[in-house]
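# Breakdown of the fold
The residues making up each chain are set out below.
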Amino acid sequence: MEKFLNMAYLILQGAEVTLTIFVITLILSLPLGGLAALGRISSFAPLRYLMEFYVWAMRGTPLMLQLLFVYFALPLVGIRLPDFAAALLAFTLNYAAYFAEIFRAGIQAIPKGQYEAAVALGLKHWQMMRYVIFPQVLRVVLPPISNETINLVKDTSLIYILAMNDLLRVARTIVQREFDMTPFLIAAIFYLAMTAVLTWAFKKLEQKYGSYET
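Read on for a plain summary of the structure. (Residues numbered from 1 in each chain as written. Predicted model: local features only at pLDDT ≥ 70, side-chain atom pairs only at ≥ 80, totals over all residues. Heavy atoms only, no water.)

### A short note on the overall build of the chain
- What the chain contains, in helices and strands, is 8 helices and 0 strands.
- For the chain, the α and β elements follow one another from N to C terminus as α-α-α-α-α-α-α-α.
- Along the longest, intermediate and shortest principal axes, the C-alpha atoms of the chain span 70 × 45 × 25 Å.
- Within the span of the chain, comprising 214 residues, buried residues form 39% of the whole.
- Within the chain, counting contacts between residues at least 6 apart in sequence, those at least 24 apart form 76% of the total.
- Surface summary for the chain: the accessible area is close to 12,300 Å², and the carbon and sulfur share equals 68%.
- Where the 17 positive side-chain charges of the chain centre and where its 13 negative ones centre are 7 Å apart. (Helix = DSSP H or I, 4+ residues; strand = E, 2+ residues; numbered from the N terminus. Buried < 20%, exposed > 50% of the residue type's maximum accessible area, 1.4 Å probe, protein only. Contact = heavy atoms within 4.5 Å. Areas by Shrake-Rupley, 256 points an atom, 1.4 Å probe, with all protein chains shown as cover. Lys, Arg positive; Asp, Glu negative; His and termini not counted. Charge placed at Lys NZ, Arg CZ, Asp CG, Glu CD.)

Structure follows, in structure tokens:
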């Protein structure tokens, strides 16, 4: 039992890195994705094409390749980032692209009549977005955002390629040292616990905002 607890403690230290990458990526990529979504539907053609290319490039290449590019290719042009910053940059750009498509679809799913009705009522633009459009968009985008957020938890395991001591790397190191598969089981429990918490949280959010009807 003592050995199990010692392993769990070491893996928990790695989980701190995993959670930090997860939380900061989510905080940065959600608003960035929202801005990119607005760019995707902008009437300004150069901005729209630029955002389309960005989303296409990020979604069309593996996240691991993007991590390797940021970490190994950028130094060739004089941009050298610490391991943590490199991982954070790649994760944020990748997930912002996915969130951009989710937000774009959510915005375009709102019937034009909702905008016209808000204008007819004399609402200002910010009032229309705050009280009419945003609640409906939120209801539409919550399920896909929930899926992407859970994927983000699992994708954080990719940072082991940058030699960062995340949850999975610590578990693998212990396995190689102790010749014991228990650390992988502990790591699985940590991942399942994190996804369980996220699933519960998004379920509550969907219940709260599901009352909005278009």
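### A few points about the nonpolar core
- Formed by 48 residues in total, the largest nonpolar core has its most connected members in Ile-11, Leu-67, Ala-87, Phe-91, Phe-99, Ile-145 and Leu-167.
- Elements supplying a minimum of two residues to this core: helix H1 (2-40), helix H3 (63-73), helix H4 (83-108), helix H6 (125-155), helix H7 (167-178) and helix H8 (182-209).
- With 11 residues, H6 is the largest single contributor of residues to this core.
- Look past the residues within four positions of Phe-91 in its chain and what remains in contact with it is Ile-21, Thr-25, Leu-63, Leu-67, Leu-152, Asp-155, Thr-156 and Ile-159.
- Counting 8 residues, the second-largest nonpolar core is a separate cluster that includes Ala-36, Tyr-54, Val-55 and Ala-97. (Core = buried A, V, L, I, M, F, W, Y, C linked by side-chain atoms within 4.5 Å.)

### Comments concerning the pattern of salt bridges
- Evaluated as defined, the whole model comprises 5 salt bridges.
- With a closest N to O distance of 3.4 Å, Arg-40 and Glu-52 form a salt bridge. Of this pair, Arg-40 sits in helix H1 while Glu-52 sits in helix H2 (residues 45-60), and the two are 12 residues apart along the sequence.
- Classification of Glu-52 as partly exposed rests on a relative accessible area of 32%.
- With a shortest N-O distance of 2.9 Å, Arg-40 and Glu-101 are connected by a salt bridge. Taken together, the positions of Arg-40 in helix H1 and Glu-101 in helix H4 put the pair 61 residues apart, joining distant regions of the chain. Side by side, Arg-40 and Glu-101 carry an identical accessibility label, which is buried.
- Residues joined by salt bridges that share partners form a network here, namely Arg-40, Glu-52, Arg-59, Glu-101 and Arg-104. (Salt bridge = Lys/Arg side-chain N within 4 Å of Asp/Glu carboxyl O.)

### Concerning unusual backbone geometry
- The residue Phe-179 is not glycine, and still its phi comes out positive at about 55°.
- Structurally, Phe-179 is set in the loop between H7 and H8.
- A relative accessible area of 76% places Phe-179 in the exposed class.

### Brief notes about the packing of H3 against H4
- Between H3 and H4, the least distance of the axes is 9 Å, while the angle of their chain directions is 135°. Considering the angle they form, H3 stands oblique to H4. Considering the relative orientation of H3 and H4, their crossing is right-handed. Along its contact with H3, which presents Leu-63, Gln-66, Leu-67, Val-70 and Tyr-71, the element H4 presents Asp-83, Ala-86, Ala-87, Leu-89, Ala-90, Phe-91, Asn-94 and Tyr-95.
- Broken down by class, the residue content of the contact of H3 with H4 amounts to 10 nonpolar, 2 polar and 1 charged. (Axes fitted to C-alpha atoms, helices over the stretch in contact; angles between N-to-C directions. Parallel < 35°, antiparallel > 145°, perpendicular 65-115°, else oblique. Left-handed = near helix turned anticlockwise from the far one by under 90°. Nonpolar A, V, L, I, M, F, W, Y, C, P; charged D, E, K, R; others polar.)

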